[in-house]
Amino acid sequence: MRQTPRYVTADEQEVKRLIRENPWATYVSSTTNGMVASHYPTLLDDEAEGIVIVTHFGRPDDELHEVGEREMLVIVQGPHGYVSPGWYGPGDIVPTWNHVTAHLYGVPEVLSEEENFRVLTRLTDHFEGRMPHPHSLAEDPEGTRRLALGTVGLRLRVTRFDARLKLSQNKTPEVRDTIMDGLRDAGGPYAQPALADEMERIERAE
């Protein structure tokens, strides 16, 4: 990503928050056969030090990515959206795109079948937890374990990351307020209330 110092964050907790709130990640590998990308639900391993994520790949994605042979890029995308110069003051006519994004790097570790099943169970429990009547893989352990054989569990310890909170920090407080109003306008063409919430959050932290 473009190196603009005012938007860069080295805060590990910010990156963890982004992963927790945006668990659908993009996995990118440079392989002997070219670039490969896949998309999978992702959770933090909260018991590990640093930033460690777990996921599963459906076979044969593990082979296509040549998992474990080299570094992998994982892209976590938070709220983002178009920012119109109509929300700026007079004379400022250049639009932009605000976003919250992290690029994570590390070499993934392939999990054992048992560890993979634990990850799949955790993923299911995590997302089902919001449902009024949540389901669990424990309802049919024999059947779900058989289906789990079609997947490969991964754990990736993030060795470096590149994260951006590009949220109009270069604008005055008055202009940022106008931008947030525009993003929260449900009838507007570029409504993105979650992005406005991100802008407000960093303002409170300043």
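Residues numbered from 1 in each chain as written. Predicted model: local features only at pLDDT ≥ 70, side-chain atom pairs only at ≥ 80, totals over all residues. Heavy atoms only, no water.

Peer 1: Please provide a residue-by-residue account of the packing of helix H5 (residues 173-184) against helix H6 (residues 193-205), values included.
Peer 2: Remark: H5 packs on H6, axes separated minimally by 7 Å, with the N-to-C direction vectors making an angle of 155°. Taken together, the axis directions place H5 and H6 in an arrangement best described as roughly antiparallel. Two packed elements cross with a definite hand, and for H5 against H6 that hand is left-handed. Where H5 abuts H6, its residues Pro173, Arg176, Asp177, Ile179, Met180, Leu183 and Arg184 lie against Pro193, Leu195, Ala196, Asp197, Met199, Glu200 and Glu203. Of the residues belonging to the contact of H5 with H6, the class tally is 8 nonpolar, no polar and 6 charged. (Axes fitted to C-alpha atoms, helices over the stretch in contact; angles between N-to-C directions. Helix = DSSP H or I, 4+ residues; strand = E, 2+ residues; numbered from the N terminus. Parallel < 35°, antiparallel > 145°, perpendicular 65-115°, else oblique. Left-handed = near helix turned anticlockwise from the far one by under 90°. Contact = heavy atoms within 4.5 Å. Nonpolar A, V, L, I, M, F, W, Y, C, P; charged D, E, K, R; others polar.)

Peer 1: Help me get a handle on the pairing of strand S2 (residues 24-31), residues and values and all.
Peer 2: Where burial is concerned, most of S2 is hidden: 6 out of the 8 residues are buried. As paired elements, S2 and strand S3 (residues 34-41) share 8 bridges and run antiparallel to each other. Opposite Trp24, over in S3, you have Pro41 as the bridge partner. A loop of 2 residues connects S2 with S3, the two strands running antiparallel in sequence. By the bridge criterion, 3 bridges tie S2 to strand S6 (residues 72-83) in an arrangement that is antiparallel. Bridge pairing links Thr26 to Ile75 in S6. (Buried < 20%, exposed > 50% of the residue type's maximum accessible area, 1.4 Å probe, protein only. Pairing = 2+ DSSP bridges.)

Peer 1: Summarise the sheet that holds strand S9 (residues 151-157); cite the residues concerned and give the values.
Peer 2: With respect to topology, 4 strands assemble into an open sheet ordered S4-S5-S9-S8, the strand pairing being antiparallel. Either end of the sheet is taken by a strand with one partner, and the two such strands are strand S4 (43-44) and strand S8 (109-110). Where helix H3 (residues 113-128) meets the sheet, its contacts fall on S4, strand S5 (52-58) and S9, and the angle it forms with S5 comes to roughly 100°.

Peer 1: Explain the pairing of S5 to me, and be specific about the residues and the numbers.
Peer 2: Of all 7 residues making up S5, 7 are buried, and the element is well covered by its neighbours. Of the two faces of S5, the one lined by Val52, Val54, His56 and Gly58 and the one lined by Ile53, Thr55 and Phe57 are each fully buried. Note: S4 against S5, 2 bridges, orientation antiparallel. By the bridge assignment, Leu44 is partnered in S5 with Ile53. Here S5 runs beside S9; their pairing, made up of 7 bridges, is antiparallel.

Peer 1: Give a detailed account of the sheet that holds S3, specifying residues and quantitative values.
Peer 2: The strand order S1-S10-S7-S6-S2-S3 describes an open sheet built from 6 strands, whose pairing is antiparallel. Two strands in the sheet have a free side with no partner beyond their single neighbour: strand S1 (8-9) and S3. As judged from the 7 bridges shared by strand S7 (residues 96-106) and strand S10 (residues 160-166), these two strands associate in the antiparallel manner. By the bridge assignment, Val100 is partnered in S10 with Leu165. Strands S6, S7 and S10 of the sheet are contacted by H6, whose axis makes an angle of about 95° with S6.

Peer 1: Explain a negative patch on the surface to me, using residue names and the numbers behind them.
Peer 2: Among the surface-exposed residues, Glu174, Asp177, Asp181 and Asp185 lie close enough to one another that they form a single negatively charged patch. Along the chain, Asp181 turns up in helix H5. Judged by its relative accessible area of 54%, Asp181 is exposed. (Patch = residues over 30% accessible without salt bridge, like charges linked within 9 Å, V, L, I, M, F, W, Y side chains within 5 Å. Areas by Shrake-Rupley, 256 points an atom, 1.4 Å probe, with all protein chains shown as cover. Salt bridge = Lys/Arg side-chain N within 4 Å of Asp/Glu carboxyl O. Lys, Arg positive; Asp, Glu negative; His and termini not counted. Charge placed at Lys NZ, Arg CZ, Asp CG, Glu CD.)

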